[in-house]
Amino acid sequence: MDHFEDRPGPTGEAELWCEGVRLADIAAAVGTPVYVYSTATLERHYTVFRDALQAAMPARRLLVAYAVKANSNLAVIRTLARLGAGADTVSEGEIRRALAAGVPPERIVFSGVGKTDAELAFAIRTGVCEINVEAEAELDRLAVVAEALGARPAIAIRVNPDVGAGGHAKISTGKAESKFGVSFSEARRLYAKAAASPWLRPVGVACHIGSQITDLAPLQAAFVRMRSLVEQLRADGLTVERLDLGGGLGVPYFDAPEAPPLPALYAAMVAETLAGMDIDLAFEPGRLIVANAGVMLATAIHLHPRAEGRRFLVVDAAMNDLLRPSLYEAYHRIRPVRAGDGGPEEAHDVVGPVCETGDTFARDRMLPPVEAGDLVAFLSAGAYGASMSSEYNSRPLVPEVLVSGDRFSVIRRRPTHEEMLSRETVPDWLA
Ligand SMILES: *Cc1c(COP(=O)(O)O)cnc(C)c1O
């Protein structure tokens, strides 16, 4: 459920609104392309997920750490932090964002395949609640860094449960051949090694098998294995306080019945899989919280016909603003902001202005009549949209707007061309 819906505009014609604000008003004030997020949807998605888990497991201590990389805008993190969300972070920059947004260190998890010594030291000094270790070499480096700081950080071992899942090969992380985590036998050895170190405090094990998972079966298979790992570690005489089950639950990008499981079903599955176990739980949802809380607005630059009755719709947004279609062949619903009268739909290739064929948002997409100058919305664009944007083709970084009720605020402004140029210098020898 989201808070983007058709309502009458000033002329009485139906058009897309976000909560109490016309998207057309935002486009007029800020220009396009622009991302627009709904506070009510962000709050709702976080609350539904947390409440479902808490209702299914009333006695458990839960940490819901929002995966910051999905949408790392400070105002978005702040919106969730105010509801008690933690943060799952993958770089020093993300830890700094989480802190700046008001997430307390004891709710920050530091994950990632390649953390540098400097980042590990920063996480230790910050006092994050869990550093997820992904390799033996990292465990060894972390012990050295911790010793130098005279600290004993809480760590979890990230396990690769060897379960395939995830919407696309590039976002599947749980198979043995992927670069993430260690095997079960490795995890057992590394956990014992960490427990023997005076500089490390192993508190748990973690997994994250992929993203955009729309089926509970692979998640459950992974969680069953994580449970048996915890039991094995405990049988080895080791203390395991927390199980971090990662993120990955998918969202409905299509109108069609790809329907991912509801949080309540997910929560029931977790409760059943872990029944009878005394352990705290952590979750790291990203996409589930933000994807359907955001749209990207673009303006139609022009249309031009192509052979075989196809036509190109060229918009002023491009792959640098929304990379997912080029990178993952991801599907986003696309629609004119004005609802129109349901006139005849025609096949369009929706493309951006960047000089690469990959700069294509959709092929043969059936759309109602669109004219140059019309506003077009890309739906479900709140996750891995703005956070993956760049200035490729020297296009100014796409701005972001947050709506709350009938207010809106620019939460990342578009840089000027002068600012973009001023970050670069030409060495004297070229003067
Ligand atoms: C990316 C990531 C997540 C979030 O994944 P979503 O599919 O957005 O829920 C959670 N945990 C880790 C370790 C990640 O890398």
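Small disclaimer: the values here were computed from a predicted structure and weren't measured. Throughout, residues of each chain are indexed from 1 in the direction in which the sequence is written. At least 70 in pLDDT is required for a residue's local features to be given in this predicted model, at least 80 for side-chain atom pairs to be given and counted, and no such filter applies to totals for whole chains, interfaces and linings, which use all residues. With hydrogens and water set aside, each side-chain value is computed from the structure's full complement of heavy atoms.

S.K.: What is the right way to read the pattern of salt bridges from this model?
M.R.: A side chain with one charge may pair with a side chain of the opposite charge, provided their charged atoms come close. For salt bridges, the criterion is a side-chain nitrogen of Lys or Arg within 4 Å of an Asp or Glu carboxyl oxygen. Going through the model one piece at a time under the given rule, you end up with 22 salt bridges. Between Glu400 and Arg412 there is a salt bridge, with its nearest N and O atoms 3.3 Å apart. In this pair, Glu400 sits in strand β19 (residues 400-404) while Arg412 sits in strand β20 (residues 407-412), placing the two residues 12 residues apart along the sequence. A residue is classified by how much of its surface remains accessible, and Glu400, at 2% relative accessible area, is buried. Taken together, the salt bridges that share partners define one network made up of Glu136, Asp140, Glu186, Arg189 and Lys193. Starting at the N terminus, helices and strands are each numbered in turn, a helix being any DSSP run of H or I of at least four residues and a strand any DSSP run of E of at least two. Working definition: with a 1.4 Å probe on protein chains only, accessible area under 20% of the residue-type maximum means buried, over 50% means exposed, and in between means partly exposed.

S.K.: Hey, could you run me through the sheet that holds strand β3 (residues 21-22) in this one?
M.R.: Within a beta sheet, neighbouring strands are joined by backbone hydrogen bonds and run either parallel or antiparallel to one another. Strands sit in the order β1-β2-β3 across an open sheet of three strands; the sheet is antiparallel. The open sheet has two edge strands, β1 (4-8) and β3, and neither has a second partner. Strands qualify as paired when DSSP identifies two bridges or more between them.

S.K.: Whenever I open this one, the site of the ligand confuses me. Can you help?
M.R.: A cutoff of 4 Å decides nearness: a residue is near a molecule or strand if any of its heavy atoms lies inside that distance of it. Taken together, the neighbourhood of the ligand is formed by 13 residues, with Lys69, Ser211, Glu284, Arg287 and Tyr384 sitting nearest. Counted as a polar contact is a pair of N or O atoms within 3.5 Å, where, for protein atoms, one must be capable of donating a hydrogen and the other of accepting one, and residues adjacent in sequence contribute only when both atoms are in side chains. Lys69 has a polar side-chain atom sitting 2.8 Å from an oxygen atom of the ligand. In the environment of the ligand, a nitrogen atom lies 2.5 Å from a nitrogen or oxygen atom belonging to the side chain of Glu284. Areas reported as accessible are Shrake-Rupley estimates using a 1.4 Å probe. Residue values count occlusion only from the protein chains shown. Protein contact buries 94% of the 390 Å² of open area that the ligand shows by itself. Residues of the shell around the ligand, tallied by class, amount to three nonpolar, five polar and five charged. For this classification, the nonpolar set comprises Ala, Val, Leu, Ile, Met, Phe, Trp, Tyr, Cys and Pro, the charged set comprises Asp, Glu, Lys and Arg, and every other residue, Gly included, is treated as polar.

S.K.: I tried to follow unusual backbone geometry on my own but got confused; where do I start?
M.R.: For residues that are not glycine, phi is negative in most cases, and the peptide bond is trans in most cases. Residues Thr32 and Pro33 are joined by a peptide bond in cis, for which omega reads -5°. Mapped onto the elements of the fold, Pro33 is located in the loop between α1 (23-30) and β4 (34-38). Phi is positive for Glu329, which is not a glycine, with a value near 55°. Mapped onto the elements, Glu329 comes out in the loop between α11 (324-328) and β15 (334-336). Of the residues examined, Glu329 reaches a relative accessible area of 66% and is grouped as exposed.

S.K.: What am I meant to see in the environment of Pro161 here?
M.R.: The topology assignment puts Pro161 in the loop between β9 (154-158) and α7 (184-196). Taking the C-alpha atoms as reference, Pro161 lies 8.4 Å from Val182; in sequence the two are 21 residues apart.

S.K.: Honestly, the nonpolar core in this entry has me stumped. Any pointers?
M.R.: Generally speaking, soluble globular proteins have nonpolar side chains that are buried together. Here, nonpolar core refers to any group of buried Ala, Val, Leu, Ile, Met, Phe, Trp, Tyr and Cys residues whose side-chain atoms link them within 4.5 Å. Within the largest apolar cluster, 103 residues are counted, with the highest numbers of intra-cluster contacts made by Ile157, Val205, Tyr266, Val270 and Phe378. In terms of residue count, helix α8 (residues 216-235) provides more of this core than any other element does, eight residues in total. The start and end points of each domain follow an automatic or database-based domain assignment. Two domains each donate at least three residues to this core, and these are domain 1 (4-38 + 291-422) and domain 2 (39-286). What makes two residues a contact is simply this: any of their non-hydrogen atoms within 4.5 Å. Those residues in contact with Val205 that lie beyond four places of it in its chain are Ala156, Ile157, Val159, Tyr191, Met226, Leu229, Val230, Leu233, Arg242, Leu243 and Asp244. Core analysis: the second largest hydrophobic core is formed by 18 residues, Val34, Val295, Leu375 and Ala377 among them.

S.K.: Just to check I follow, could you spell out helix α4 (residues 92-100) for this structure?
M.R.: Because the α-helix completes a turn every 3.6 residues, residues three or four places apart line up on one side. Within the span of α4, buried status applies to Glu94, Ile95 and Ala98. With its buried residues spanning 105° around the axis, α4 presents them on a single face. Considering only its buried residues, α4 is in contact with α3 (74-81), β6 (86-89), β7 (108-110) and α5 (117-126). Taken from the residues just after α4, Gly102 is the one with a positive phi, measuring 95°. Throughout, the arc means that of the directions going from the helix axis to the C-beta atoms.

S.K.: Would you take a moment to explain the domain arrangement of the chain for this structure?
M.R.: It is common to give the size of an interface as the accessible area lost on bringing the parts into contact. Partitioning the chain into domains gives domain 1 (4-38 + 291-422) and domain 2 (39-286). The C-alpha-based centres of domain 1 and domain 2 are spaced at 32 Å. On the side of domain 2, 22 residues touch domain 1, which itself brings 25 residues to the contact. Between domain 1 and domain 2, the buried area comes to about 2100 Å², and carbon and sulfur atoms account for 52% of it. In this description, buried area is defined as the sum, over both parts, of the accessible area (probe of 1.4 Å) that is lost when the two are combined. It is Tyr328, Tyr331 and Tyr384 in domain 1 that bury the most area against domain 2; as a group they hold 27% of the surface buried on that side. For the pair domain 1 and domain 2, the number of links is zero salt bridges. The element that contributes the greatest number of residues to the side of domain 1 that touches domain 2 is β19, accounting for four residues.

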